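# Observations on the three-dimensional arrangement
The primary structure of each chain is shown beneath.
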Amino acid sequence: MKVVVVTGGIGSGKTSACRFLSEEYGWPVYSADDKVKELYYRFPDIVRKIEAELDGCFTDEQGRFVPALLAAVIFSDQEALRKVEDIVFPKLTEDFAEWKAGHYGSDYVILESATILEKPSLRNLGNITILVDAPVELRESR
């Protein structure tokens, strides 16, 4: 089975490209960006590890993960971002492997990610890379 990585900037058309490939060829799509968000809720231990590593609280009074609290830290602190990625990416890689195994009969699967090429620990997940791009004006309008 080949893994086709579809990547590009925000608003470039990655999701549309993936939808086309899925509808035209039947290739299943794994959206890494969506899955990361899901992992925080499916595996509360991830949030606890992040809180311990960053010495912060990223949950509300009911113990529910609040993404904006974490985003406020990692968007302004590259070291904090690296620490979070070191916790989250192994789980994402494991989840992708399990998902891929569930699509054993497919010749191709798609891994959609905006940042995969920037992340050394994720670069080797694919066999083929498709970079989707669009003019800045179009990306901003989306």
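Residues numbered from 1 in each chain as written. Predicted model: local features only at pLDDT ≥ 70, side-chain atom pairs only at ≥ 80, totals over all residues. Heavy atoms only, no water.

### Let's talk about the pattern of salt bridges
- Taken as a whole and assessed by the stated rule, the structure comprises 10 salt bridges.
- Between Glu-38 and Lys-35 there is a salt bridge; the shortest N-O distance is 3.6 Å. Pair noted here: Glu-38 and Lys-35 are both in helix α2 (residues 32-42), with a separation of three residues, about one helical turn.
- Arg-82 is paired through a salt bridge with Glu-79; the nearest N and O atoms lie 2.4 Å apart. Placement of the pair is Arg-82 and Glu-79 together in helix α5 (residues 78-101), with a separation of three residues, close to one helical turn.
- For Glu-79, a relative accessible area of 39% corresponds to the partly exposed category.
- Ionic contacts of the salt-bridge type, sharing partners, join the residues Lys-35, Glu-38, Arg-42 and Asp-95 into one network. (Salt bridge = Lys/Arg side-chain N within 4 Å of Asp/Glu carboxyl O. Helix = DSSP H or I, 4+ residues; strand = E, 2+ residues; numbered from the N terminus. Buried < 20%, exposed > 50% of the residue type's maximum accessible area, 1.4 Å probe, protein only.)

### Some points on the side chain of Glu-85
- Of note, Glu-85 is situated in helix α5.
- Of note is the side chain of Glu-85, whose polar atom sits 2.7 Å from the side chain of Lys-119.
- Sequence-distant contacts of Glu-85, that is, excluding residues within four places in its chain, are made with Pro-90 and Lys-119. (Polar contact = N/O pair within 3.5 Å; in protein donor to acceptor, adjacent residues only side chain to side chain. Contact = heavy atoms within 4.5 Å.)

### Side note on the environment of Thr-115
- Within the fold, Thr-115 resides in the loop between β3 (108-112) and β4 (128-131).
- With 105 residues separating them along the chain, Thr-115 and Ile-10 place their C-alpha atoms 9.6 Å apart.

### Quick look at the packing of aromatic side chains
- Going through the model one piece at a time under the given rule, you end up with eight aromatic pairs.
- Aromatic side chains Phe-20 and Tyr-25 sit 6.4 Å apart centroid to centroid with 90 degrees between the ring planes, which places their arrangement in the edge-to-face category.
- Ring geometry for Tyr-40 versus Phe-65: centroids 4.5 Å apart, planes at 25 degrees, classification stacked. One end of the pair, Tyr-40, is in helix α2; the other, Phe-65, is in the loop between α3 (44-54) and α4 (67-74), and 25 residues separate them in sequence. This pair shows no difference in class: Tyr-40 is buried, exactly as Phe-65 is.
- Lys-91 extends its terminal NZ or CZ atom over the ring of Phe-43, reaching a point 4.0 Å from the ring centre. (Phe/Tyr/Trp six-rings, centres within 6.5 Å; stacked < 30°, edge-to-face > 60°. Lys NZ or Arg CZ within 6 Å of the ring centre and 35° of its normal.)

### Brief notes about the packing of α2 against α3
- Viewed as axis vectors pointing N to C, α2 and α3 meet at an angle of 90 degrees, and their least axial separation amounts to 4 Å. Between α2 and α3, the crossing angle belongs to the class labelled roughly perpendicular. Here Leu-39, Tyr-40, Tyr-41 and Arg-42 of α2 come into contact with α3, specifically with Pro-44, Ile-46, Val-47 and Ile-50.
- Here the residues of the contact of α2 with α3 sort into seven nonpolar, no polar and one charged. (Axes fitted to C-alpha atoms, helices over the stretch in contact; angles between N-to-C directions. Parallel < 35°, antiparallel > 145°, perpendicular 65-115°, else oblique. Nonpolar A, V, L, I, M, F, W, Y, C, P; charged D, E, K, R; others polar.)

### Some details on the packing of α2 against α5
- Where α2 contacts α5, the two axes come as close as 10 Å, and the packing angle between them is 105 degrees. Viewed along their axes, α2 and α5 adopt a mutual orientation that is roughly perpendicular. Mapping the contact onto sequence places Ala-32, Lys-35, Val-36, Leu-39, Tyr-40 and Arg-42 in α2 and Val-84, Val-88, Lys-91, Leu-92 and Asp-95 in α5.
- Considering only residue class, the contact of α2 with α5 consists of seven nonpolar, no polar and four charged.

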